[in-house]
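# Structure assessment
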Amino acid sequence: MIDRAGLAGFLRRRRAALQPEDVGLMRGSGRRTSGLRREEVALLCNMSVEYYTKLERERGPRPSERLIASIVQGLDLSLDERDHLFRLAGLNAPSRGPVGPHVSPGLLRVLDRMDDTPAEIITELGETLYQSPLGVALTGDRTSYRGPARSIGYRWFVDPAERQLYAAEDHPFLTRVFASGLRQIAALRGPGSRAAQFVSLLQAQSEEFRQVWEKHEVAIPPVVKRFVHPEVGTLELNYQTLVDPDRPHSLSVYTAVPGTESHEKLQRLAATAPVGLR
């Protein structure tokens with residue numbers, strides 16, 4: 001059964017706790033509301049102000065799963081908050097498997113401050129969702145791929161052009177990195193998952209993948225990556241990740257040691273980076 005009072009109270013509290021900056025909105029001048037306005041929440045959740053207002057006033061029809069999912073995204077709820085909201089609406093909470101491409105505003109705000117650093121937000125399968133301007137300058141636009149090719153781990157084994165960006169002597173190690181990462185996700189998500197589908201595709205298409213897959217290596221982390229850029233040459237960059245605790249997304253960041261040749265090349269590359277791109 002729907003808990004109308006609990007649902008209304010939770011929505012009011014959550015709305016009051018959020019500021020416009022938390023969800024990517026402009027604050028504007030002369031603002032007297034302590035949190036978000038109902039109009040702003042309705043916009044974020046892609047619903048009418050009238051309907052949202054009814055929910056906060058314990059009225060209106062019972063919300064659907066799709067509508068509750070929109071509220072989860074609009075209010076940037078954690079997984080625990082999401083499950084709680086579904087239960088208040090009298091619905092079964094979704095399983096805690098991989099979620100969609102929606103990226104948390106907090107992770108996007110971190111990326112937006114990295115104009116001078118190559119960085120990208122990726123899914124657990126290595127699909128690039130957003131890039132910093134210098135990230136695009138370093139690797140090209142990785143967000144334009146479609147289908148399985150969106151995953152760098154998939155492209156590594158089926159598209160020879162993907163390897164041209166990396167030092168040839170590092171290819172065997174990176175082959176192990178991509179295969180072992182896919183093995184970890186496939187075991188986590190189980191049969192029938194997209195990760196398991198990728199395994200089947202690669203086993204059918206790549207002899208190299210079949211051979212390295214038999215080693216049963218799991219999650220080999222790359223610490224340093226050497227890129228071979230067509231304009232500035234070889235760059236040796238440290239690789240670090242920031243993981244979103246509530247979504248299967250991570251922020252990958254590439255940095256060069258100050259004073260090194262790679263750092264100087266990265267600065268030169270920054271001068272050519274596109275403007276206005278993530």
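Below you will find a few notes about this structure. (Residues numbered from 1 in each chain as written. Predicted model: local features only at pLDDT ≥ 70, side-chain atom pairs only at ≥ 80, totals over all residues. Heavy atoms only, no water.)

## Digging into the pattern of salt bridges
It is possible for side chains bearing opposite charge to pair when their charged atoms get close. Counting across every chain of the model gives 18 salt bridges. When salt bridges that share partners are traced, they join Glu120, Arg142, Arg155 and Glu162 into one network. (Salt bridge = Lys/Arg side-chain N within 4 Å of Asp/Glu carboxyl O.)

## Comments concerning the side chain of Ser151
Positionally, Ser151 belongs in the loop between helix H7 (133–139) and helix H8 (152–158). For Ser151, a relative accessible area of 3% translates into the label buried. Those residues in contact with Ser151, other than ones at most four positions away along the chain, are Leu125, Gly126, Glu127 and Phe198. (Helix = DSSP H or I, 4+ residues; strand = E, 2+ residues; numbered from the N terminus. Buried < 20%, exposed > 50% of the residue type's maximum accessible area, 1.4 Å probe, protein only. Contact = heavy atoms within 4.5 Å.)

## Brief notes about the sheet that holds strand S1 (residues 119–123)
Strand order across the open sheet formed by 5 strands is S2-S1-S5-S4-S3, with antiparallel pairing between neighbours. Edge strands, defined here as strands with exactly one partner in the open sheet, are strand S2 (128–131) and strand S3 (224–229). The sheet shows a mean angle of 30° between the axes of neighbouring strands, taken without regard to direction. In terms of strand pairing, strand S4 (residues 233–243) meets strand S5 (residues 249–255) through 6 bridges, oriented antiparallel. Directly across from Gln240, in S5, lies its bridge partner Val253. On the sheet, helix H12 (residues 261–270) packs against S3 and S4 and is oriented at approximately 85° with respect to S4. (Pairing = 2+ DSSP bridges. Axes fitted to C-alpha atoms, helices over the stretch in contact; angles between N-to-C directions.)

## Re the pairing of S5
The side chains of a regular strand alternate between both faces of the sheet. Most of S5 sits out of view: 6 of its 7 residues are buried. For S1 and S5, the ladder comprises 5 bridges, and the chain directions are antiparallel. Directly across from Ile121, in S5, lies its bridge partner Leu251. Turn length for the S4-S5 hairpin, with the two strands adjacent in sequence and antiparallel, is 5 residues.

## Topic: the packing of aromatic side chains
This model, assessed by the stated rule, comprises 8 aromatic pairs. Between Trp156 and Phe178, the aromatic rings sit 5.3 Å apart at their centres with planes inclined by 45°, giving tilted as the arrangement. Linking Trp156 in helix H8 with Phe178 in helix H9 (residues 171–189), this pair joins segments that are 22 residues apart in sequence. Among the residues examined, Trp156 registers a relative accessible area of 1% and is labelled buried. The class of Phe178 is buried, set by a relative accessible area of 13%. Clustering of aromatic rings is evident, with ring pairs tying together Trp156, Tyr166, Phe178, Phe227, Tyr239 and Tyr254. Above the ring of Tyr145, the side-chain terminus of Arg155 is found at 4.0 Å from the ring centroid. Looking at Arg183, its charged tip hangs above the ring of Trp213, at a distance of 3.8 Å from the centre. (Phe/Tyr/Trp six-rings, centres within 6.5 Å; stacked < 30°, edge-to-face > 60°. Lys NZ or Arg CZ within 6 Å of the ring centre and 35° of its normal.)

## A short note on helix H6 (residues 105–112)
Within H6 the residues assigned to the buried category are Pro105, Leu107, Leu108 and Leu111. Viewed end-on, H6 has its buried residues packed into an arc of 160°, placing them on one side of the element. Tucked inside the fold, the buried residues of H6 contact S1, S2, S4 and S5. (Arc of directions from axis to C-beta.)

This is a description of form; function is not addressed.
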